[in-house]
Amino acid sequence: MGQTQTAPADMFCSAFDLLPDLICMEPVSNAGAMHFNTAWKQQAAALGVPLPFSEWLPVIVPADQAEITRILRDTTPSDRLRSTSFRILNPDGHARWFLLRLVQQLPRGGNDTGRLLILTDIHEQKRREVALLQKADIRDRMLNVSVDCIKEIAKDGTLVHMNTAGCEALGVDSTSGFGMSWLGLLPPEAHVPGGKALKDAAEGQNVRFMGISQLPGEPVRHWDNMLTPLLNPDQSVEAILCVSRDVTIQREHEQQIALLLNELNHRSKNMLAIFQALIRRTVPDPTAPFVKVLEERITSIARSQDLLIHGEWTGATVHDVVTSQTAVAGDFPATRLWIEGDPELQFVPDTADRIGLAIYELTTNAIKYGALSNDTGTVTVTWDLHDEEDKPVFRMCWKETGGPTVARPERRGFGSIVIEHNPRSIPGASSSCCHDPDGTVWTFSAPAENVVRCPSRLF
């Protein structure tokens, strides 16, 4: 064991013994007086090593010995604090982390350089740090296996972090450290929607916009960009998470479907035109009234088909079906034809055909005999969803007022089938048409799940 020497009064400070840190005051040459506080002595005894720190190398983890040796050999006087972390091997074989802080300078009135060494146990801090690094590594590996481009963006638009897929898509070196403008990596045409999305996300909103990218020599790629604000406990925005999904293949499929639907629409209209021509050539009198009625009904079917094609055969809004089929009524003032209902509510394809044809028949009847046959009558078309026995039901009503006195028709023809019976072919549907003296009233109802879809409501 090394000999402990008594330090002179100007070096000795008994307050060091009250501190939990290991503290040593010694001359660099190891030829003068030294002082070790109580914590230092206890640690040296537990390790079974001499008191001078230069003799602790055998219990320091080999990987850390070179740095400790380098620091101890540097005897240049300096007020600069030198520090490094290292590990000490305990007798039980477990390593423990310590922080070494060292200052060495010429003592007042002396020639030999003295130094102050402070060892602080940072094992728990290091353990938490290693755990955090492991979690960060797991997070990074999880992000890097994703095919989506995942980015963390600061509120000012600076790119903080990006996964491997994002780096490859935007041509950014993953070791760049980031810090560049996110918008600056996007094509010029994406700057306006991207800038607006960034502003909205920085204000706490979830935002989505479509964009494109194209690296030199590669085809254009389409992206669905979703920005989500990352909130602090006080609900303020700390940063923004941007997930960009490559939807190029989906976009190509959508374009192919659109082309096929347009071709289908074109061919269907040609067939309807052929039917109309066959009718004119087949009947004895092409100018007969029923020929015109039949042609108008075929035109009504074509209108519904146009709406479905425009909606990529996913359906058509109730509002569009009603307005397209009542267009035959002509340019009436807004006070003559009232249309009231949720504009987002959308018919499924089969329903759009059946209800569209019924609305057309009601409109032509109103023009010939009902509320639209004079200058004062009005028609109100309404629709909505209602809860019945915890299940949503779609209801629609056509109501005429102010027209001539209505009488029940003496016979029921094809129009009655279209208005009443055809809609009932929808599962669970019911319809009725009442020719009251005050005006015709037609109602339709069916389970909502069988006739409509609506993005704003859950069934």
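Residues numbered from 1 in each chain as written. Predicted model: local features only at pLDDT ≥ 70, side-chain atom pairs only at ≥ 80, totals over all residues. Heavy atoms only, no water.

A.B. asks: Could you give an account of empty space enclosed by the protein, with specific residues and numbers?
C.D. replies: Using the criterion set out here, one finds one cavity of 30 Å³ or more in the structure. Each pocket or cavity is described by its volume, and for the largest cavity that value is around 140 Å³. Lining of the largest cavity is provided by 17 residues; of these, L170, L186, W223, N225 and S244 occupy positions nearest its centre. Those elements that provide at least two residues to the lining of the largest cavity are β6 (149-153), α4 (164-170), β8 (207-213) and β9 (221-231). If you tally residues by element for the lining of the largest cavity, the top one is β8, at four residues. Grouping the constituent residues of the lining of the largest cavity by class yields eleven nonpolar, five polar and one charged. (1 Å grid on protein atoms, 1.4 Å probe; cavity = no way out; pocket = protein on both sides within 12 Å on 5 of 7 lines; lining within 4 Å. Points joined across faces, edges and corners; volume = space filled by probe spheres on them. Helix = DSSP H or I, 4+ residues; strand = E, 2+ residues; numbered from the N terminus. Nonpolar A, V, L, I, M, F, W, Y, C, P; charged D, E, K, R; others polar.)

A.B. asks: I'd like to hear about helix α1 (residues 38-47), residue by residue, with values.
C.D. replies: Those residues of α1 that sit buried are A39, W40, Q43, A44 and L47. Taken down its axis, α1 places every buried residue within 135° of arc, on the same side. Across α1 from its buried face, at more than 90 degrees, point the exposed residues Q42, A45 and A46. The secondary structure elements touched by the buried residues of α1 are β1 (22-27), β2 (35-36), β3 (78-89), β4 (95-105) and β5 (114-121). Once α1 finishes, G48 follows within two positions and takes phi at roughly 75°, a positive value. (Buried < 20%, exposed > 50% of the residue type's maximum accessible area, 1.4 Å probe, protein only. Arc of directions from axis to C-beta. Contact = heavy atoms within 4.5 Å.)

A.B. asks: Break down the packing of aromatic side chains for me, with residues and values.
C.D. replies: On inspection of all chains with the given rule, the structure shows ten aromatic pairs. Both rings, one in F53 and one in F86, keep their centres 6.0 Å apart while their planes meet at 65°; by these two values the pair is edge-to-face. Taken as a pair, F53 in the loop between α1 and α2 (62-73) and F86 in strand β3 lie far apart in primary sequence, 33 residues in all. Note on F53: relative accessible area 1%, which makes it buried. With centroids separated by 6.2 Å and ring planes inclined at 10°, the aromatic side chains of W442 and F444 adopt a geometry described as stacked. With respect to burial, W442 and F444 carry one shared label: buried. Clustering of aromatic rings is evident, with ring pairs tying together F36, W40, F53, W56, F86 and F98. For the cation-ring pair, K126 lies above W97, with the distance from its terminal atom to the ring centre recorded as 4.5 Å. (Phe/Tyr/Trp six-rings, centres within 6.5 Å; stacked < 30°, edge-to-face > 60°. Lys NZ or Arg CZ within 6 Å of the ring centre and 35° of its normal.)

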